[in-house]
Amino acid sequence: MAAGGGLAVTGNPAVRVQRRPVDRSNALPGLNPVLARVYAARGVRSPRDIDLSLGEMLPVSSLQGIDAAIELLMAHRSPQRRVMVIGDFDADGATSTALAVRALRSMEFSHVDYLVPNRSEFGYGLTPEIVAVAAARRPTLIITVDNGISSLQGVRRARELGIDVLVTDHHLPGPELPNANVIVNPNCQQGEFGSRSLAGVGVIFYVCAALQRALAASSAAARATRVADWLDLVALGTVADLVPLDRNNRVLVAQGLSRIRAGRCVPGLRALMQLAGRELGSANSADLGFTVGPRLNAAGRIDDMSIGIQCLLTDDESTARMLAARLDQLNGERRAIEAQMQQTALAAVRHLRDGPLADARRGVTLYEADWHQGIVGLVASRIKDRLRRPVVAFARAGDALLRGSARSVAGVHVRDVLARIDALHPQLIVRFGGHAMAAGLTLHEEQIETFAEAFDTAVREAQGDAIRADVVETDGELSVEELSLQTAAALRDGGPWGPLFPEPSFDGQFRLSQARVVGERHLKLWLEHCESGRRFDAIAFGYLAPGEVLQRLPGDARVVYRLDVNSFRGETRLQLLVDHLIC
């Protein structure tokens, strides 16, 4: 295994707190005072900045390529034409596929089918191999969702077979674009769309909304279709893919959550929420990101994402519950595999935690021959959180190749890092793609050590003298009066929160009066406010790494935490969600 870097786990004094600057004169009146301060620190200046009504969504017509996409789709709406949707094997890809299939079928496209590559057999994107499988079903049009912008060979092969191709994607393009009939991607260089942070499901939502509008004048089915009814899928895919929540994405997520809370969501999403013990009426972005998303992703990681897509496509409640139960089972298997892999990865880096080499690597590369390629992205993410620096984890993919997943930290655009490596070492990376915080790549197994050195160097160059990622930003300290259920509810309702619009977190001095381990890895705490002596219920999720034993905790600590409205057995109370205990 190649590895490097120090380990900045919870409780490590290397984690430093930095409070977000806020000009209180910009705080909006009439809001909960804490929420007003939080909004001001995130650049909210006017009531319109927090108006997340559907009318605030950027105009559908402003996304480049939309008109050409609609023209192409119209040409394939006749009974003689067959449309094939090809998605990705993650939650964004699954929601994108389900939305496209639902929308096209509702608008009377005669033959709409879908295909999602098996991760271990085909890999990512529209490869020539997956085109061959698709071609056996005789499509006249392939629509890629959440992929395709880097599928040069696959698109070329489809066109050679006489199949039209519409690429809808949000990943960053390389120097050459695929020879598709039409490309809709807000991140293409010629684009001037106001939200380059759309997830894949956001892109296909815009396409379907434009199609519905174009058909409305001539089609009763289109007039009856409300693409906005599937904003629950848009919210799920957007949150699960961890794209930046700019204002446009916040509108899409807020509108999707509104529909979920009203019970107007697809049966599969409802079944997944209920299985996880989440109430539809109080659904928030954390429910989508930490309960529904992982269960949906589990299918693509260790089995076949077709199970997840079927769950989101069915309108039968009992079928949805059955498929949701299967996804829950797969998620349990995923957790077990991930725990074993994470324990191996932590063993490789733990010895660097406090030693002289603790700062040796800025970019970390991990590899074990028996790792599961569907889980390496999660391992990279977990180790990134503990090291607080970019991580790439690799697994074998056959034919002496490795497939890797990269996860990054604020200030390091990981796809740009890979592009830099590719420019300096043209034969090193076989293929790569992704965006700022996550990327995927393939390389030859014998090149792993060379890549590890190149990755570390490129990350070091990208960071320069910038503030290191061991700085934790908070929204400052709360008074004991502000530590209340009322504040927690105001912050919950002030979302959605996510990347670029982070969930509010705070810091303060507390005495750890009680602590016990629950669920093997979580730490249940009672925190005593050092100034007032008031005690608060708290929990630190994932405090212990797999296999780790709880050591003696400090009596006093600086705690970085978030506020949570915890409902259990009919009782609602304040709970602190602890992110860091800093001695």
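This text follows the structure it describes.
Each helix and strand counted, the protein chain has 18 helices and 17 strands in total. Against the compact-globule benchmark of 25 Å for 583 residues, the protein chain has a radius of gyration of 24 Å, which places it among compact chains. Its C-alpha atoms give the protein chain principal-axis dimensions of about 75 × 60 × 45 Å. Every one of the 583 residues in the protein chain was classed for burial, and the buried ones make up 57%. Within the protein chain, residue pairs in contact and separated by at least 24 positions form 68% of the contacts whose partners lie at least 6 positions apart.

For the rest of this paragraph, the subject is the packing of aromatic side chains. One pass over the structure, following the stated rule, counts 10 aromatic pairs. Ring centres of Phe451 and Phe455 lie 5.7 Å apart, and the angle between their planes is 15 degrees; this geometry places the pair in the stacked category. Taken as a pair, Phe451 and Phe455 lie in helix α17 (residues 448–463) at a separation of four residues, close to a single helical turn. For the pair shown, Phe451 and Phe455 are each scored as buried. Between Trp497 and Phe501, the aromatic rings sit 5.2 Å apart at their centres with planes inclined by 15 degrees, giving stacked as the arrangement. Phe501 gets classed as buried once you look at its relative accessible area, which sits at 6%. Members of the aromatic cluster, joined through ring pairs, are Phe506, Phe510, Phe536 and Tyr561. The side chain of Arg250 reaches across the aromatic face of Phe501, ending 3.7 Å from its centre. Positioned over the ring face of Trp526 is Lys524, at 5.7 Å from the centre of the ring.

All right, on to the side chain of Thr127 then. In this structure, Thr127 sits in the loop between α4 (119–122) and α5 (128–135). Judged by relative accessible area, which is 14%, Thr127 ranks as buried. In this view, Thr127 contacts Phe122 and Gly154; residues no more than four positions away in its chain are not counted.

Okay, the packing of helix α2 (residues 66–75) against helix α7 (residues 200–215) next. Running from amino to carboxyl end, α2 crosses α7 at an angle of 65 degrees, the nearest separation of the two axes being 10 Å. Taken as a pair, α2 and α7 cross one another with a handedness that is right-handed. Two secondary-structure elements touch here, α2 through Ile66, Ile70, Leu73 and Met74 and α7 through Tyr206, Val207, Ala210, Leu211, Ala214 and Leu215. Residue classes in the contact of α2 with α7 are distributed as 10 nonpolar, no polar and no charged.

Moving on, we come to the sheet that holds strand β10 (residues 429–434). Pairing is mixed in the open sheet, where five strands are placed in the order β7-β8-β9-β11-β10. Every interior strand has two partners, whereas the edge strands, β7 (364–367) and β10, have only one. Shown here is a sheet whose adjacent strand axes are inclined to one another by a mean of 20 degrees, direction ignored. Of the strand pairs in this sheet, β10 and strand β11 (residues 438–444) are connected by five bridges, and their pairing is antiparallel. Opposite Gly434, over in β11, you have Ala439 as the bridge partner.

In this section: helix α12 (residues 285–302). Helix length check: α12 (18 residues) gives 25 Å between terminal C-alpha atoms against 26 Å at 1.5 Å per residue, within 8%. With a side-chain oxygen positioned 3.0 Å from the backbone nitrogen of Ala286, the residue opening α12 is Asn284.

Glancing now at the pairing of strand β3 (residues 112–115). The side chains of a regular strand alternate between the sheet's two faces. Relative to β3, strand β2 (residues 83–86) runs parallel, the two sharing four bridges. Across the sheet, Ile86 pairs through a bridge with Leu115, a residue of β3. Tracing the backbone out of β2, into helix α3 (residues 91–106) and back to the parallel element β3 gives a crossover that is right-handed.

The next subject is the nonpolar core. The biggest cluster of nonpolar side chains holds 140 residues, and the ones touching the most others in it are Leu73, Leu563 and Leu576. Tallying contributions element by element places α7 first for this core, with 11 residues. Once residues within four sequence positions are removed from consideration, Leu576 is found in contact with Leu483, Phe510, Leu527, Phe536, Asp537, Ala538, Ile539, Tyr561, Arg562 and Leu563. Phe432, Leu441, Ala454 and Val459 belong to the second largest nonpolar core, which has 23 residues in total.

Our focus in this paragraph is helix α10 (residues 247–261). Across its 15 residues, α10 extends 21 Å between first and last C-alpha, which sits within 8% of the 21 Å expected from 1.5 Å per residue. Along α10, 12 of the 15 residues are buried, which leaves the element largely enclosed by surrounding structure. Where α10 is concerned, the buried positions are Asn248, Asn249, Arg250, Val251, Leu252, Val253, Ala254, Gln255, Gly256, Leu257, Arg259 and Ile260. Here the buried face of α10 lies against α7, α9 (231–240), α11 (267–275) and α12. Trailing α10 by a residue or two, Gly263 shows a phi angle of about 80 degrees, which is positive.

A few words now on the sheet that holds strand β14 (residues 522–529). One closed barrel accounts for five strands, arranged β13-β14-β15-β17-β16; its pairing is mixed. Taking each pair of neighbouring strands and ignoring which way they run, the sheet shows an average axis angle of 45 degrees. Relative to strand β16 (residues 556–568), strand β13 (residues 506–518) is paired through six bridges, and the arrangement is antiparallel. Its bridge partner lying in β16, Phe506 is registered against Tyr561. Running over the sheet, helix α18 (residues 485–493) touches β13, β16 and β17 (571–582) and is turned about 75 degrees from β16.

About the thresholds
- Residues numbered from 1 in each chain as written.
- Predicted model: local features only at pLDDT ≥ 70, side-chain atom pairs only at ≥ 80, totals over all residues.
- Heavy atoms only, no water.
- Helix = DSSP H or I, 4+ residues; strand = E, 2+ residues; numbered from the N terminus.
- Rg over C-alpha atoms; globule rule 2.2 N^0.38 Å.
- Buried < 20%, exposed > 50% of the residue type's maximum accessible area, 1.4 Å probe, protein only.
- Contact = heavy atoms within 4.5 Å.
- Phe/Tyr/Trp six-rings, centres within 6.5 Å; stacked < 30°, edge-to-face > 60°.
- Lys NZ or Arg CZ within 6 Å of the ring centre and 35° of its normal.
- Axes fitted to C-alpha atoms, helices over the stretch in contact; angles between N-to-C directions.
- Left-handed = near helix turned anticlockwise from the far one by under 90°.
- Nonpolar A, V, L, I, M, F, W, Y, C, P; charged D, E, K, R; others polar.
- Pairing = 2+ DSSP bridges.
- Expected span 1.5 Å × (residues − 1).
- Polar contact = N/O pair within 3.5 Å; in protein donor to acceptor, adjacent residues only side chain to side chain.
- Right-handed = clockwise from strand over helix to strand, strands pointing away.
- Core = buried A, V, L, I, M, F, W, Y, C linked by side-chain atoms within 4.5 Å.

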